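Listed below, chain by chain, are the residues.
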Amino acid sequence: MAVLALNQLQRLTGNQFVATFTGVGYDDQLVISVAGEDVVFGDDATFPFLRSHSRTNSEFRLLVLTELVPADVQAFSFQIHASVPFTRAWLLNDSMGNENYQNYATTIEAGKTVELLEFVRDDSGWSIRTKNQAIGEVAPVIGEGYPEHLRELIPVARGLNPGGWSYVEAFIEVNEVTTPNLLNPLYLDALTATQAIATTVKLAPVQIDYATYGSTSVPMETRIDEVHRAQVKALTAAGYTSTKTTVEQLLSKVEALKPGGVLVAYVNTIGGFDKNDLIQLLEAREATLLLLAMRTVFGGVPNLGGSSRLRGFAVADLASPNARSVVELLRSNS
């Protein structure tokens, strides 16, 4: 289940959801804010797009039907008015089980009202955003709360996720051609971009696989370029040489992906595989493969079948490569 960071905007694809608010007791109030009006949700509340589902002494559950939201309503949010100090959180699941989101639990002081979850509509449809904002307090700036090396990238990176991504991993091709270039600034910038993208999808360490040499896990707080330098130094000292082709390694990685998984692969060239079979495999896994060409692509990125599950990017062809331009390149084709 994807955990949304503070103020992270997450696109929704479904229109029927179960919203569960945990840690909410009978004496707490669930407040719905619509068009500037705050209404306590109860049996007598009349919202065409909300239906009461169940309530216990620790949980409030209701149905959210975005297709029934009146056309003049562009946003609505859920607030909790706390009767006692306790941690509250929310979970959102669509009716098909394809979209599952949550936030980190937050403590609400007795007598305070905190906005937890917001739904926002634009021309493309509905998105959600986790708030954790006490009513009357100023909302933090987007990016605040993230480590400094990622802060400027977060607002750009969060637009990549189409709604079904649950986590991001990285794969780096290691062979006699790529090894001499692994410490080039292009790799360092692209890895930082990947870490920012992964952080907007899920607040969890990013796993990087170095061909078949091994993998490392990088927490959000750690600069990924520093970990990469250490890994390259180790595999170079070990005289590592892969015995499997890159295509074989990529297929193995894709086969291991869980639903919603995204693999960002740093490769020398884009190709050498049956794109139709690979797309079929990605569809079956409900996964995505992003191929980043780390050497100049002569003639441009080849046709990969037009599927959002399989995409290629000529990272080495960027005029002014840096972490932000890499994110923007991936976003321009998302």
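Details of the structure are given in the entry above.
A quick note: this is a predicted structure, and the numbers were derived from the prediction, not measured.

Attention now moves to helix α4 (residues 224-237). For α4, which comprises 14 residues, the first-to-last C-alpha distance of 20 Å matches the rise-based estimate of 20 Å (1.5 Å per residue) to within 8%. Among all positions in α4, only Ile 224, Asp 225, Val 227, His 228, Gln 231, Val 232 and Leu 235 are buried. The buried residues of α4 occupy an angular sector of 150° when the element is viewed end-on, so they sit on one face. Those residues of α4 that are exposed and aimed more than 90 degrees away from the buried face are Lys 233 and Ala 237.

Here we come to the packing of aromatic side chains. Inspection of every chain in the model, using the stated rule, returns 11 aromatic pairs. With a centroid separation of 4.8 Å and an interplanar angle of 10°, the aromatic rings of Phe 76 and Phe 119 are classed as stacked. One end of the pair, Phe 76, is in strand β8 (residues 75-81); the other, Phe 119, is in strand β12 (residues 113-122), with 43 residues separating them in the sequence. Taken individually, Phe 76 and Phe 119 each receive the classification buried, so the pair is uniform in this respect. Grouped by ring-pair contacts, the aromatic residues Phe 21, Phe 41, Phe 47, Phe 49, Phe 60, Phe 76, Phe 78, Phe 119 and Trp 126 constitute a single cluster.

Attention shifts here to the nonpolar core. Of all hydrophobic cores here, the largest spans 48 residues; its most connected members are Ile 172, Tyr 266, Leu 292 and Val 315. Elements that contribute at least two residues to this core include exactly α2 (154-157), β14 (167-172), α3 (185-201), β15 (206-210), α4, β17 (261-267), β18 (288-293) and α7 (323-332). Here this core gets nine residues from one element, more than from any other, and that element is α3. The next biggest cluster of nonpolar side chains, apart from the first, holds 34 residues, and it includes Phe 49, Leu 62, Val 64 and Leu 117.

This paragraph deals with α7. Every buried residue of α7 is listed here: Ala 323, Ser 325, Val 326, Val 327, Leu 329 and Leu 330. Contacts made by the buried residues of α7 are with α2, α3, β18 and β19 (310-313). Of the residues flanking the start of α7, the one acting as N-cap is Asn 322, its side-chain oxygen 3.1 Å from the backbone nitrogen of Arg 324.

Of the two faces of β19, the one holding Leu 310 and Gly 312 and the one holding Arg 311 and Phe 313 are both buried throughout. Relative to β19, β18 is paired through four bridges, and the arrangement is parallel. Of the residues in β19, the one forming a bridge with Leu 291 is Gly 312.

It is worth spelling out the sheet that holds strand β13 (residues 125-134) at this point. The six strands lie next to each other as β2-β13-β12-β8-β4-β5, forming an open sheet whose pairing is antiparallel. The open sheet has two edge strands with one neighbour each: β2 (9-11) and β5 (37-40). Mean inter-strand twist for the sheet, computed between neighbouring axes without regard to direction, equals 20°. As judged from the seven bridges shared by β8 and β12, these two strands associate in the antiparallel manner. Among the inter-strand pairings, Gln 79 is bridged to a residue of β12, identified as Glu 115.

Attention shifts here to the sheet that holds β19. If you walk across this open sheet you meet the six strands as β16-β15-β14-β17-β18-β19, and the pairing is mixed. Looking at strand neighbours, the two that pair on one side only are β16 (214-218) and β19, the edges of this open sheet. Averaged over neighbouring strand pairs, the angle between their axes works out to 20° when direction is ignored. In this sheet, β17 lies alongside β14 in parallel orientation, the contact comprising six bridges. When the sheet's bridge partners are listed, Ile 172 is paired in β17 with Tyr 266. Each of β14, β15 and β16 is contacted by α4, which is oriented at about 25° to β15, the strand it contacts most.

Turning our attention to unusual backbone geometry. The phi torsion at Ala 211 lies on the positive side, around 50°, for a residue other than glycine. By secondary structure assignment, the location of Ala 211 is in the loop between β15 and β16. The exposure class of Ala 211 is buried, given its relative accessible area of 12%. Backbone geometry places Glu 286, a non-glycine residue, at a positive phi of 55°. Residue placement: Glu 286 occurs in the loop between α6 (275-285) and β18.

Calculation rules
Residues numbered from 1 in each chain as written. Predicted model: local features only at pLDDT ≥ 70, side-chain atom pairs only at ≥ 80, totals over all residues. Heavy atoms only, no water. Helix = DSSP H or I, 4+ residues; strand = E, 2+ residues; numbered from the N terminus. Expected span 1.5 Å × (residues − 1). Buried < 20%, exposed > 50% of the residue type's maximum accessible area, 1.4 Å probe, protein only. Arc of directions from axis to C-beta. Phe/Tyr/Trp six-rings, centres within 6.5 Å; stacked < 30°, edge-to-face > 60°. Core = buried A, V, L, I, M, F, W, Y, C linked by side-chain atoms within 4.5 Å. Contact = heavy atoms within 4.5 Å. Polar contact = N/O pair within 3.5 Å; in protein donor to acceptor, adjacent residues only side chain to side chain. Pairing = 2+ DSSP bridges. Axes fitted to C-alpha atoms, helices over the stretch in contact; angles between N-to-C directions.

Treat this as a map of the structure, not an account of what it does.
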